[in-house]
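# Secondary and tertiary structure notes
Chain residues, written in single-letter form:
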Amino acid sequence: MSATREDVGGTPLPPGWAKPAHQPDAFELTTTTFEERAAKTMARPFARGAIANATDHAAALTTARFVGTDHDALREEARKIRAHAIANLPDYLDHWIDQAERKGTVVHYASDESEARRIVAQICTDQQITRVVKSKSMASEEVSLNSALEAVGVDIYETDLGEFVVQAMGDRPGHVIAPILHRTKDEVHELFSAMAGHELPNEAEALTAFAREGLRHAFLTADAGISGGNFLIAETGDVLLVTNEGNGRLTTSLPPIHIALVGIEKVLPRRRDLAVLLPLLTGHGTGQQITTYVSVAAGPRRQGEPDGPEQMHVVLLDAGRSALLGGEFEEALHCIRCGACQNVCPVYRQVGGHAYGWVYGGPIGAVLTPLFRGQEEAGELAHATTLCGACDDVCPVKIPLHDLLLGLRRRSDADGHVPRHEQLAFALWAQVWSRPLLYRASTAVARGSLRTLARDGVVSAKTPLLRRWTAGRDLVVGRRAR
Amino acid sequence: MTDRASFLAAIRSAPRGLDPGLPDRRDAPDAPTQLRVGEDRAARLQAEAEAASTVVHRVTASDVAATVARVLVEANSQRIALTTDLAPFVDDVQATLAVAGLTGAIYAEVAPNRAHAGALDATVTGCIAAVAASGSIVTSAAGAGRAGALIAPTHICVVRDEQIVGGLHELFDGDVLAEAGSLFALQSGPSRSADIEKVLILGVHGPGNVHLIIVAPD
Ligand code: SF4
């Protein structure tokens, strides 16, 4: 009854679609500095404007969404759920595995990035998988999954519209929720027209239709679907996936094999915890009431169900996560990847996601990247912030990003890199201050959060890192409310 | 290759962080996805669904089939599939479609061939619940299938008044999910993307034309 590979196997994709463009393998983290990468985005005026507009818009929608509710109490509830789940991570994971296996899911264990690549590549070779549709997964970006699969002869189609553009351009996602925030319609038009072999109308609707058509074909002929997972529910062995386009569900429904690559920190104790986490994830991510498609899967298709995969595999990814447990930076594991901290970060808004050099941008990127990639490669990122604290104020699970960044700075300062980094942070801050509109926007954001550093209502010049930023300008802010 | 025991052992060997305890959900604060006191469920469902660009029809049981047929004729749908969770309306809908010169195939018979499923113009499904405060319909792998609600450009969902729950808390605390099968899903309006310069496009991979038929209690 279920879809089999023989249905449409071997059907060619439209011309121009046969070989997806290759994604660059190496991240720039090791070869360039933050400043160099930031300069690239800052040299593209559209990108800067687009990032600032889009992030303003997202932040405003989030605020509007929670009017009339006890937003702070909800965030506190979410913080406790995440903290409890992480404090008891091995127990909840153990339980999740029991439940998932009971429902027929095959669970795999990846201690590090290379093991994750090996496991998925092995599944592909064992089962003669040559065409894969993929729904956006940050974990797979972390482990550079695509290039590992291409190496074993698998054609991969990213199916999220933005990710598809990123893949075809050989680019990297610029934002955790909106991957091509930094790209123009003209650039997409040029790319898709080249793929189509003729000039397409330069309208978002027509361009989307073009991508839909080719990707629909990929969905109907793929041997496997690869996804990430937004949450794992310990109680029931579920993998939860949210998307607005519907590509996530198609990825887990149409191909005969579904493989999910999920970080171990994604565990939630119970389904009912979703009533708290889901509205926060979407409200802070896109400002919607709820993401259009929320799919909760446990195991492959069962007897009597009209569709669905014959196999479900979940690859649990550690890759540096367990090393954070119980330590100074454990709270970084509470992150639900909503992207809100990027939207309000005055540095991210200036330089975009690529400057962070790896998978995650903005404040959470400045925290996670040094923790996952090491101080040597990424220590400077802890300085790519203004420490305004806007991220703390917006994080739906109340991660103290500001404190984590300070902690990472202390670590990096111990390596003796202070002066150059301080210059970098100052340069970024100066960029914001040099333009009146941006200045106003960023202070609107920072007000209430600079409070963290303020004494007697004035940001003090005593904090060494603020010395140069406040020179000649006293920033008067309200007394700290806490 | 790392096995379960060594994988978990590595995690267990890490020190444990502060545990604030698992909050008791009975005291959970308000979320936007909860019903306000005294609010009418069907009215809220309609408002939230419309805010998410779903077309809402409120009808009596005897008008369901005619409404389905009208929507399908307007959408000019030819290849139509019905899922079994549409019961008790399946026969009625098929008969009414026949009068309009249309055929409603059964999705379970179409789905085994992906190419056929992918070529559908419209699907008509039931659901296991609808969530008023989030404007969502909840479908199950056992009923509408995994892809039944989003494989075609037009989707019509029929929900009976007694299937509407107030908010997400009610959904997850209730028992409708127990029989969902290998997957349950919340859908809230048409498929959408704003990836290209923030222009909102409906109908990316899923349907752009979504109708919700709310059936009044007898
Ligand atoms: S750190 Fe908080 S605000 Fe930033 S992405 Fe994670 S959950 Fe969202």
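Residues numbered from 1 in each chain as written. Chains lettered and ligands numbered in written order. Predicted model: local features only at pLDDT ≥ 70, side-chain atom pairs only at ≥ 80, totals over all residues. Heavy atoms only, no water.

### Description of the sheet that holds strand β1 (residues 106–110) of chain A
Residues and elements named next belong to chain A.
- Reading across the sheet, the 6 strands line up as β1-β10-β7-β4-β2-β3 and stay open at both edges, with parallel pairing between neighbours. The open sheet is flanked by β1 and β3 (155–158), the only strands paired with a single partner. Each strand of the sheet is rotated relative to its neighbour by a mean of 20°, with strand direction disregarded.
- Note: β1 against strand β10 (residues 311–317), 5 bridges, orientation parallel. (Pairing = 2+ DSSP bridges. Helix = DSSP H or I, 4+ residues; strand = E, 2+ residues; numbered from the N terminus. Axes fitted to C-alpha atoms, helices over the stretch in contact; angles between N-to-C directions.)

### Let's talk about empty space enclosed by the protein
- If you walk through the whole model with that rule in mind, you get 11 cavities of 30 Å³ or more.
- What the largest cavity holds in volume is close to 130 Å³.
- Lining the largest cavity are 17 residues, and of these Cys335(A), Cys338(A), Gly339(A), Cys341(A) and Ile364(A) lie nearest its centre.
- The greatest single-element share of the lining of the largest cavity, amounting to 3 residues, is contributed by helix α13 (residues 340–344) of chain A.
- Of the residues contributing to the lining of the largest cavity, the split by class is 13 nonpolar, 3 polar and 1 charged.
- A volume near 110 Å³ is recorded for the second largest cavity.
- Lining of the second largest cavity is provided by 16 residues; of these, Thr54(B), Ile137(B), Gln187(B), Gly189(B) and Val210(B) occupy positions nearest its centre.
- Elements supplying a minimum of two residues to the lining of the second largest cavity: β6 (136–140), β7 (154–160) and β12 (209–215) of chain B.
- It is β12(B) that contributes the most residues to the lining of the second largest cavity, 3 residues altogether. (1 Å grid on protein atoms, 1.4 Å probe; cavity = no way out; pocket = protein on both sides within 12 Å on 5 of 7 lines; lining within 4 Å. Points joined across faces, edges and corners; volume = space filled by probe spheres on them. Nonpolar A, V, L, I, M, F, W, Y, C, P; charged D, E, K, R; others polar.)

### Things to note about the pattern of salt bridges
- Using the criterion set out here, one finds 30 salt bridges over all chains in the structure.
- Put simply, Asp91(A) and Arg16(B) hold a salt bridge, and the shortest N to O gap is 3.2 Å. Of this pair, Asp91(A) sits in helix α4 (residues 89–102) while Arg16(B) sits in the loop between α1 (4–12) and α2 (41–51), each in a different chain.
- For Asp91(A), a relative accessible area of 34% translates into the label partly exposed.
- When the shortest N-O distance is used, the salt bridge between Asp238(A) and Arg271(A) registers 2.7 Å. With a gap of 33 residues between them, Asp238(A) in strand β6 (residues 238–243) and Arg271(A) in the loop between β8 (267–268) and α12 (274–285) connect regions that are remote in the sequence.
- Judged by relative accessible area, which is 14%, Arg271(A) ranks as buried. (Salt bridge = Lys/Arg side-chain N within 4 Å of Asp/Glu carboxyl O. Buried < 20%, exposed > 50% of the residue type's maximum accessible area, 1.4 Å probe, protein only.)

### Looking at the confidence of the model for chain A
Residue and element names in this part refer to chain A.
- Per-residue pLDDT for chain A averages 82, and the proportion of residues at 70 or more is 80%.
- Every residue in residues 1–10 scores below 50 in pLDDT, and together they form 28 contacts with partners more than four places removed in sequence or on other chains.
- In this model, residues 432–482 is a region of pLDDT below 50 whose contacts with residues beyond four sequence positions or in other chains number 68 contacts. (pLDDT = per-residue confidence, 0-100. Contact = heavy atoms within 4.5 Å.)

### Examining the packing of aromatic side chains
Residue and element names in this part refer to chain A.
- For the coordinates displayed, the defined rule picks out 8 aromatic pairs over all chains.
- With a centroid separation of 5.5 Å and an interplanar angle of 80°, the aromatic rings of Phe-34 and Tyr-356 are classed as edge-to-face. You can see Phe-34 sitting in helix α1 (residues 34–42) and its partner Tyr-356 sitting in the loop between α14 (346–351) and α15 (362–373), a full 322 residues away along the chain. You'll find Phe-34 and Tyr-356 in the same group, each marked buried.
- Aromatic side chains Trp-358 and Tyr-360 sit 5.9 Å apart centroid to centroid with 75° between the ring planes, which places their arrangement in the edge-to-face category.
- Aromatic ring contacts, followed pair by pair, group Phe-34, Tyr-348 and Tyr-356 into a single cluster.
- For Arg-337, the ring lying beneath its charged end belongs to Tyr-360, and the centroid distance is 4.5 Å. (Phe/Tyr/Trp six-rings, centres within 6.5 Å; stacked < 30°, edge-to-face > 60°. Lys NZ or Arg CZ within 6 Å of the ring centre and 35° of its normal.)

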